[in-house]
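# Secondary and tertiary structure notes
The chain contents come next:
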Amino acid sequence: MDDFSRSWAALRSAVAALADEDFTRPSGCTGWLVRDLVCHLVIDAQDVLITLATPADTEPTRDAATYWEVSDTAPTGEDPLDALTVRLAAAYQDPRLLLFHLDDVGSAAGRAAGLADPALRVATRGQVLTAGDYLSAYVLEWTLHHLDLGAHLPHAAQPRSDSLAAARRLLEEIAGAAFPEGMPDRDALLVGTGRRAPTGAERAALTGTGLRLPLHLG
């Protein structure tokens, strides 16, 4: 629960510090500008609120790792929901309005997460998880999107080191294998999810790890 709160607060702070012109720069998400990514974060925050307010009375069917669907196909930005996000983001026009919405809904999601019982069973996407596992899954979401936020904005604040480490551990659990010990957490996440290609040295270090990369998460 603490990892969720810290990673979410750091991401929202990084967004709040952006200049207006930063919102029209590319993000690390294929086909999305920074404003599109921030709009997606608003939708994510709404999902957190909805899920935490949707209790379930059956046994969990997923945990933090199996919550994620792994695909062999990289996102193109042409998915209908992705396209809707782009149109919605453009409708804000003034980045300050988008920031206000993220702060409003994002703060509420953070408070709801802090008040949630980790053992509470919640329903989302046709599955049941404990609230603790659901929020743990979102640490990976927040951390990857924090990296996406700064992909073309070198002045943007970077994710916390503990968030990077927690996200890496979960990605390794999803993959069923560990990244090379000497690979920094940030690089493991970027290479592991196909956000950048491995260098020659990284490719050599990854040989024999059993990792099948990249992992496209959805």
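Counting from 1, residues in each chain are numbered in the order their sequence is written. Residues qualify for local features only when their pLDDT is at least 70, as the model is predicted, and side-chain atom pairs are given and counted only at 80 or more; totals for whole chains, interfaces and linings, by contrast, use all residues. Water and hydrogen atoms play no part in the side-chain values, which are based on all heavy atoms of the structure.

It is worth spelling out the nonpolar core at this point. What is meant by a nonpolar core is a set of buried Ala, Val, Leu, Ile, Met, Phe, Trp, Tyr and Cys residues, joined one to another through side-chain atoms within 4.5 Å. Note on classification: 1.4 Å probe, protein chains only; a residue is buried when its accessible area is under 20% of the maximum for its type, exposed when over 50%, partly exposed between these limits. In terms of nonpolar packing, the biggest core is built from 62 residues, with Phe4, Trp8, Val48, Tyr134 and Leu149 touching the most fellow members. For this core, the element with the highest residue contribution is helix α5 (residues 131-149), accounting for eleven residues. Any two residues whose heavy atoms approach within 4.5 Å at even a single point are treated as in contact. Discounting chain neighbours no more than four positions away, the residues touching Trp8 are Leu41, Ala45, Leu102, Gly106, Ala109, Gly110 and Trp142. Here a strand is any run of E in DSSP of at least two residues, a helix any run of H or I of at least four, and the numbering for each starts at the N terminus.

Moving on to the environment of Pro118. Along the chain, Pro118 falls in the loop between α4 (95-115) and β2 (121-124). Looking at Pro118, the relative accessible area reads 42%, which means it is partly exposed. As for Pro118 and His152, which are separated by 34 residues in sequence, their C-alpha atoms are 36 Å apart. Not counting residues within four places of it along the chain, the set of residues in contact with Pro118 comprises Met1, Thr130, Ala131 and Gly132.

The method works on a 1 Å grid over the protein atoms by themselves. A cavity is a set of points holding a 1.4 Å probe that cannot get out, a pocket is an open set with protein on both sides within 12 Å along at least five of seven lines, and residues with an atom within 4 Å of a point line them. Grid points are joined across faces, edges and corners, and a volume is the space filled by probe spheres set on the points. Estimates place the volume of the largest pocket at around 1200 Å³. In terms of lining, the largest pocket is formed by 41 residues, of which the most central are His40, Asp82, His145, Leu217 and Gly218. Among the elements that line the lining of the largest pocket, the one with the most residues is α5, at seven residues. Gly falls in the polar group here, along with every residue not listed as nonpolar (Ala, Val, Leu, Ile, Met, Phe, Trp, Tyr, Cys, Pro) or charged (Asp, Glu, Lys, Arg). Looking at the lining of the largest pocket residue by residue, the classes come out as 15 nonpolar, 15 polar and eleven charged.

Each Phe, Tyr or Trp ring (for Trp, its six-membered ring) is paired with any other whose centre lies within 6.5 Å, and the angle between the two planes then decides the class: stacked below 30 degrees, edge-to-face above 60, tilted in between. Overall, the coordinates contain seven aromatic pairs when judged by the stated rule. An angle of 85 degrees between the planes, with centres 5.3 Å apart, marks the rings of Tyr67 and Trp68 as edge-to-face. Given a relative accessible area of 10%, Trp68 falls into the buried group. In this structure an aromatic cluster arises from ring pairing among Phe4, Trp8, Tyr67, Trp68, Tyr134, Tyr138 and Trp142. Only when the NZ atom of a Lys or the CZ atom of an Arg is both within 6 Å of the ring centre and within 35 degrees of the ring normal do we say a charge sits over the ring. In this arrangement the basic side chain of Arg125 is found over the ring face of Tyr67, its NZ or CZ atom lying 4.1 Å from the centre.

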